Protein chains: 2
Amino acid sequence: MMNIAASPLTKKLSAFVALSETELAVLERLHQRRKSFSAGRDLVHQGQSEQAAYILASGWVVSYKIQADGSRQIVDFQIPGDFLGLRSVLLHTSDHGIEPLVDIEAAEVMASDLLQAFAETPRLATAILWAVSRDEAMVVEHLVGLGRRDADARMAHFLLELGARLSLVGMGSKAGYACPLTQYHLADALGLSAIHVNRVLRKLREDALVTFRDGLVTFDDYGRLIELADFDPAYLDQARPLLP
Amino acid sequence: MMNIAASPLTKKLSAFVALSETELAVLERLHQRRKSFSAGRDLVHQGQSEQAAYILASGWVVSYKIQADGSRQIVDFQIPGDFLGLRSVLLHTSDHGIEPLVDIEAAEVMASDLLQAFAETPRLATAILWAVSRDEAMVVEHLVGLGRRDADARMAHFLLELGARLSLVGMGSKAGYACPLTQYHLADALGLSAIHVNRVLRKLREDALVTFRDGLVTFDDYGRLIELADFDPAYLDQARPLLP
DNA sequence: CGAACTGTTGAGCCCTCTCAACGTGAGTGG
DNA sequence: CCACTCACGTTGAGAGGGCTCAACAGTTCG
């Protein structure tokens, strides 16, 4: 088996556990059933009882919840290397919808595959538990943003976090990144109205902090933006592997 | 080994996976190092790099993040059977603080214990992954509350969720439950000011929906409260085990 | 070439915040 | 046993951040 083109998930997990040849092989086997999905067509509907999870190989995905009153809260965006719908499989009910923002490629993973992989290599179980915990840490940070940051800081923090995540898989830098999100996506993610998002973006742009325009995020003053957002990327980055 | 007095965690996990004798024994072994902690003294400080996680045996605990400006966002409250600081161990950095609200008892679990347990019984790994996913589902629901619910619905949803969780471990019912939280705790959890919490509670009480008073939550009209909160406990309750 | 989606701007309003004050009960020390 | 403090709860008044309603411009696409 060739390990030259490691999948984004493998890259991510390798930062956490030093994976052996065997473990890499098992991980690679999870990527076998490759599937494609079209932008805008839900992968998982809210309320559906789903058996399969996915590992995102390319493209952007949004996870959201629809309220009874019709309003939408975006929980997170997924980028390559992230799991899709793992929670739905484990909880045996999908409490949220999953929609590709662009055409995507993803590997299908059944619950039984996961159990078998864990049986073969317990360290892999720990590594995946780590990945799930990291996802939770992001949701927690998101939560703090909604609860205790004003609209400007919330937006700044969001754009910085996304940039950091993209940098880890080679899709961004401290200069900026390509971003297919609309202002409506930002609004539903940040708990704001689309109109207010527009005003906030204008303010950040006029203050020469960030520019969000034409599918491109440009950091005009990275340092000052970090200060405004009170951003600390510790929870995203893995300084050193925990398991030897 | 006697299984008569199953720990709260065992109860929770058993609802998800049918655990064998061996698995129960391994799970029981994780409970060996019993420790006590006093109310108000942080178990884990924010920023600390922690090696041990805990399984809460009795008492209430709060997980929170302090912002640079001094404001506090409570991420969640833990009740018996919940993990404490598992994320801190896995991410190798504590992005949040953990404080006992009352005197508590908890079993210390080292990262190595966990790895060893996974090696012996991979199904246990899946079960714990489930528990972590359930925690994440609660944080997600919390996120939706902050992003898309007004203060009244947010409070109603919070009190209902807590009631449902407590019911699962035998500490509450549809009539109500004992609750050691102050209005300041509610404020920091729900992203409101303590003053507004007070007003919201008064309104809910005057509308004969819930009464929060003297450490006691009483549901005056469970049905109407669920309607106001748009509450769906699917993500908390396990209809049937996923793994045979 | 109309329809749908996205972005932009203005005006007014309301939910929730902040500031300020006061009440109550539990400790605690003199 | 009383004064004092401290934590928690309660209420009022005014301010402000973000929402809603309304309108319009640019693009893409069928």
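This structure is a prediction, so every number in the text was calculated from the model and none was measured.

Chemist: I'd like to hear about the overall build of chain A, residue by residue, with values.
Modeler: Along its length, chain A carries nine helices and 10 strands. Relative to its length of 244 residues, chain A is compact, with a C-alpha radius of gyration of 18 Å against a globular reference of 18 Å. Projecting the C-alpha coordinates of chain A onto the three principal axes gives extents of approximately 55 × 40 × 30 Å. Sequence separation of 24 or more characterises 72% of the internal contacts of chain A that already satisfy a separation of 6 or more. With the model as given, the accessible surface of chain A reaches about 9,600 Å², and the carbon-plus-sulfur share is 52%. Charged side chains in chain A number 24 positive and 31 negative. The centres of these two groups are separated by 2 Å.

Chemist: Talk me through the relation of the copies chain B and chain A; I want residue IDs and the actual numbers.
Modeler: The transformation that overlays chain B on chain A combines an axial shift of 0.0 Å with a rotation of 180°, and the residual RMSD is 0.0 Å. On this basis, the relationship between the two copies can be described by a two-fold rotation axis. Most of the interface of chain B is mirrored in chain A, where 100% of its interface residues are also at the interface.

Chemist: How would you sum up the nonpolar core? Please name residues and give values.
Modeler: In terms of nonpolar packing, the biggest core is built from 139 residues, with Leu13(A), Met155(A), Leu181(A), Leu13(B), Met155(B) and Leu181(B) touching the most fellow members. Beyond its immediate stretch of four places on either side in the chain, Leu181(B) contacts Trp60(B), Phe77(B), Leu101(B), Phe158(B), Leu162(B), Leu186(B) and Phe212(B). Grouped together as the second largest cluster of nonpolar side chains are 11 residues, Ala52(A), Leu56(A), Val61(A) and Ile98(A) included.

Chemist: Please provide a residue-by-residue account of the domain arrangement of chain A, values included.
Modeler: How big an interface is tends to be stated in terms of accessible area lost as the parts join. All names here are of chain A. In terms of domains, chain A is made up of domain 1 (8–137) and domain 2 (149–235). Distance between the C-alpha centres of domain 1 and domain 2: 24 Å. Between domain 1 and domain 2, the residue contacts involve 15 residues of the former and 17 residues of the latter. A per-residue breakdown of the area domain 1 buries against domain 2 is headed by Trp60, Phe77 and Ile79, which together make up 39% of the total.

Chemist: Describe the sheet that holds strand S4 (residues 72–78) of chain B, naming the residues involved and giving the relevant values.
Modeler: Pairing is antiparallel across the open sheet formed by three strands, whose spatial order is S4-S3-S6 (chain B). Of all strands in the sheet, those bounded by a partner on one side alone are S4 and strand S6 (97–100) of chain B. Averaged over all pairs of adjacent strands, the angle between strand axes in this sheet comes to 30°, irrespective of strand direction. With four bridges joining them, strand S3 (residues 61–66) of chain B and S6(B) adopt antiparallel strand pairing. When the sheet's bridge partners are listed, Ser63(B) is paired in S6(B) with Ile98(B). Set on the sheet, helix H5 (residues 122–148) of chain A makes contact with S3 and S4 of chain B; between it and S4(B) the angle comes to about 125°.

Chemist: With reference to specific residues and values, describe the packing of aromatic side chains.
Modeler: Residue and element names in this part refer to chain A. Within the structure shown, the criterion is met by eight aromatic pairs over all chains. For the ring pair Phe37 and Tyr54, a centre distance of 5.4 Å and an interplane angle of 85° mean the geometry is edge-to-face. Of this pair, Phe37 sits in strand S1 (residues 34–37) while Tyr54 sits in strand S2 (residues 52–58); the two residues are 17 residues apart in sequence, bridging distant segments of the chain. Given the relative accessible area of 7%, Tyr54 is considered buried. Taken together, the aromatic side chains of Tyr177, Phe219 and Tyr222 make up a single cluster linked through ring pairs. Above the plane of the ring of Tyr64 lies Arg72, whose end atom (NZ or CZ) is 5.9 Å from the centre.

Chemist: Give a description of the UniProt feature "domain: HTH crp-type" (unreviewed entry) in chain A that names residues and reports values.
Modeler: Mapped onto this numbering, the UniProt entry annotates "domain: HTH crp-type" (unreviewed entry) at residues 149–223 of chain A. For residues 149–223 of chain A, the helix share is 55%, the strand share is 15%, and the end-to-end C-alpha distance is 18 Å.

Chemist: Tell me about the pattern of salt bridges, and please be specific about residues and values.
Modeler: The full count for this structure, using the stated rule, is 34 salt bridges over all chains. One salt bridge connects Lys65(B) with Glu141(A), and the closest N-O pair in it is separated by 2.5 Å. Taken as a pair, Lys65(B) in strand S3 and Glu141(A) in helix H5 lie in two separate chains rather than in one. Of the two residues examined, Lys65(B) and Glu141(A), each falls in the buried class. Across the pair Glu120(B) and Arg29(B) runs a salt bridge, and its minimum N-O distance is 3.1 Å. In this pair, Glu120(B) is assigned in helix H4 (residues 111–120) and Arg29(B) in helix H2 (residues 21–30), connecting sequence segments 91 residues apart. For Glu120(B), a relative accessible area of 41% gives the class partly exposed. In this structure Arg29(B) comes out as partly exposed when scored by relative accessible area, which is 36%.

Chemist: Report on the packing of helix H6 (residues 151–168) of chain B against helix H9 (residues 222–229) of chain B, specifying residues and quantitative values.
Modeler: Residue and element names in this part refer to chain B. Remark: H6 packs on H9, axes separated minimally by 8 Å, with the N-to-C direction vectors making an angle of 125°. Comparing their axes, H9 and H6 come out oblique. When the axes of H6 and H9 are compared, the crossing they make is left-handed. From H6, Asp152, Ala153, Ala156, His157 and Leu160 reach across to H9, where they touch Tyr222, Leu225, Ile226, Leu228 and Ala229. For the contact of H6 with H9, the residue count by class is eight nonpolar, one polar and one charged.

Chemist: Talk me through the pairing of S4(B); I want residue IDs and the actual numbers.
Modeler: Working note: regular strand, side chains alternate between the two faces of the sheet. Residues and elements named next belong to chain B. Counted residue by residue, S4 has seven buried out of seven residues, so it is predominantly covered. Pairing of S3 with S4 involves six bridges; the strand directions are antiparallel. Looking across to S4, one finds that Ser63 is bridged to Asp76. From the end of S3 to the start of S4, which pair antiparallel, there are five residues, and Gly70 there has a positive phi angle of about 95°.

Chemist: Please set out the sheet that holds strand S6 (residues 97–100) of chain A residue by residue, giving values where relevant.
Modeler: The strands that make up a sheet pair up through hydrogen bonds in the backbone, lying either parallel or antiparallel. Residue and element names in this part refer to chain A. With antiparallel pairing, three strands are arranged side by side in an open sheet as S4-S3-S6. The open sheet is flanked by strand S4 (72–78) and S6, the only strands paired with a single partner. Within this sheet the neighbouring strands show an average axis-to-axis angle of 30°, counted without direction.

The rules we used
- In this numbering scheme, every chain counts its residues from 1 along its sequence in written order.
- Labels follow written order: the first chain is A, the first ligand is 1, and so on.
- Given that the model is predicted, a residue must reach a pLDDT of at least 70 before its local features are reported, and side-chain atom pairs must reach 80 or more before they are shown or counted; all residues, however, enter totals for whole chains, interfaces and linings.
- Heavy atoms throughout the structure, all of them, feed into the side-chain values; hydrogens and water do not.
- By definition, any uninterrupted DSSP run of H or I lasting at least four residues is a helix, any uninterrupted run of E lasting at least two residues is a strand, and each is numbered from the N terminus.
- We compute the radius of gyration over the C-alpha atoms and compare it with the globule rule, which gives 2.2 Å times the number of residues raised to the power 0.38.
- By definition in these notes, contact holds between two residues if any of their heavy atoms fall within 4.5 Å.
- Here the Shrake-Rupley method, with its probe set to 1.4 Å, supplies the accessible areas, and only the displayed protein chains count as covering residues.
- Only four residue types enter the charge count: Lys and Arg as positive, Asp and Glu as negative, with His and the chain ends excluded.
- To locate a charge, the coordinates of NZ of Lys, CZ of Arg, CG of Asp or CD of Glu are taken.
- The copies were overlaid by least squares, fitting only the C-alpha atoms of residues that reach a pLDDT of 70 or more in each copy.
- Definition of nonpolar core: a set of buried residues of the types Ala, Val, Leu, Ile, Met, Phe, Trp, Tyr and Cys, connected through side-chain atoms within 4.5 Å.
- The cut-offs for exposure are 20% and 50% of the maximum accessible area for each residue type, with area from a 1.4 Å probe on protein chains only; residues under the lower value are buried, those over the upper are exposed, and the others partly exposed.
- Boundary definitions for the domains trace back to an automatic or database domain assignment.
- Buried area is calculated as the accessible area (1.4 Å probe) missing from two parts once they are joined, with the contributions of both summed.
- One bridge is not enough; two strands pair if DSSP finds at least two bridges between them.
- Note on geometry: axes are C-alpha line fits, over the in-contact stretch for helices, and angles between N-to-C directions span 0 to 180 degrees.
- Ring pairs shown here join Phe, Tyr and Trp side chains whose ring centres sit within 6.5 Å, with only the six-membered ring taken for Trp; geometry is labelled stacked below 30 degrees between planes, edge-to-face above 60, and tilted in between.
- Our definition puts a charge over a ring when NZ of Lys or CZ of Arg is within 6 Å of the ring centre and also within 35 degrees of the ring normal.
- UniProt positions are given in the numbering used here, feature names are shortened, and annotations may be inferred rather than shown by experiment.
- Salt bridge, as used here, is a side-chain nitrogen of Lys or Arg placed within 4 Å of a carboxyl oxygen of Asp or Glu.
- When an angle is under 35 degrees it counts as roughly parallel; over 145 it counts as roughly antiparallel; between 65 and 115 it counts as roughly perpendicular; any other value is oblique.
- Note: crossing handedness is left-handed where the near helix turns anticlockwise from the far helix by less than a right angle, and right-handed where it turns clockwise.
- Gly is placed with the polar residues, together with every amino acid not listed as nonpolar (Ala, Val, Leu, Ile, Met, Phe, Trp, Tyr, Cys and Pro) or charged (Asp, Glu, Lys and Arg).

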